[in-house]
Amino acid sequence: MMTVPAAPSRDCPLCPRLVAFRHRWRQKEPDWQNAPVNSFGDLNTQVLIVGLAPGLRGANRTGRPFTGDWAGDLLYATLISRGFASGAYDRHGDDDLTLLDCRITNAVRCVPPENKPTTAESKACLPFLSAEIAAMPNLKIILSLGGLSHGMVLSALGHKKSAFAFGHGRMHAVTDTLLLANSYHCSRYNTNTGRLTADMFDLVFRKIRQHLDAS
Ligand code: URA
């Protein structure tokens, strides 16, 4: 039987700064999620995409990773075009989008001020990422979006953060059966500055697809 991974409770108390931020936004926007955001997609899939943390007006509003902000527009368009999702994506999450052979989670489950979790907050959330990885029996590739996600995945797998250097487009063999792929985060900042283009992002998913087809 599939083990459902441990997930933070709606009122997870582990990070005082994030709890205070959550309470502020619950007062301001009572209709938003304003709580830890759970993963999206099936546990039996071969690919796990690991973002940074919920966007304030994206996943923290809609309750689904990468749903409702710029990063999600690019991520879901790319997933649909490369056959990793079907249906339509809607910024409110009011859609029939289905992930195909991938699951999406965040390294840190609560929205942090200015998108920047502290080291202590990342550490506090690590057990949820470890549980997530352990609960995916068919996992072949983890895609880390950005350096923080990369470091946390390495920690979750018991590696030193320095064991594999992050680099856009790299694929690291982190165990005999598991690859860790890297991409710059698909944030508005990275795409506006040209650090990440839609073509660069697309190529990452093409490489992942090639690897799955060959394995
Ligand atoms: N939304 C998420 O859920 N995660 C990110 O990393 C960015 C936006």
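In this report, the structure presented in the accompanying data block is examined.

About the thresholds
Residues numbered from 1 in each chain as written. Predicted model: local features only at pLDDT ≥ 70, side-chain atom pairs only at ≥ 80, totals over all residues. Heavy atoms only, no water. 1 Å grid on protein atoms, 1.4 Å probe; cavity = no way out; pocket = protein on both sides within 12 Å on 5 of 7 lines; lining within 4 Å. Points joined across faces, edges and corners; volume = space filled by probe spheres on them. Helix = DSSP H or I, 4+ residues; strand = E, 2+ residues; numbered from the N terminus. Nonpolar A, V, L, I, M, F, W, Y, C, P; charged D, E, K, R; others polar. Pairing = 2+ DSSP bridges. Contact = heavy atoms within 4.5 Å. Axes fitted to C-alpha atoms, helices over the stretch in contact; angles between N-to-C directions.

Taken as a whole and judged by the stated rule, the model has two cavities of 30 Å³ or more. Forming the walls of the largest cavity are Pro8, Cys12, Leu14, Cys15, Leu18, Arg22, Pro36, Val108, Arg109, Cys110, Cys125 and Phe128. Sorting the residues of the lining of the largest cavity by element identifies α1 (16-28) and α4 (119-134) as the ones contributing at least two each. Here the residues of the lining of the largest cavity are counted per class, giving 10 nonpolar, no polar and two charged. In this structure, the second largest cavity spans a volume of roughly 50 Å³. Together, Leu18, Arg22, Asn34, Ala35, Asn60, Cys110 and Val111 line the second largest cavity. Among the residues making up the lining of the second largest cavity, the classes are represented as four nonpolar, two polar and one charged.

This part covers the sheet that holds strand β7 (residues 171-173). Overall, mixed pairing links the six strands, which are arranged β1-β5-β2-β6-β8-β7 in an open sheet. Looking at the sheet topology across the chains shown, the edges are occupied by β1 (40-41) and β7. As judged from the two bridges shared by β1 and strand β5 (residues 102-106), these two strands associate in the antiparallel manner. If you follow Phe40 over to β5, its bridge partner there is Ile104. Contacting β1, β2 (47-51) and β5, helix α3 (residues 70-81) runs over the sheet at an angle of about 165° to β5.

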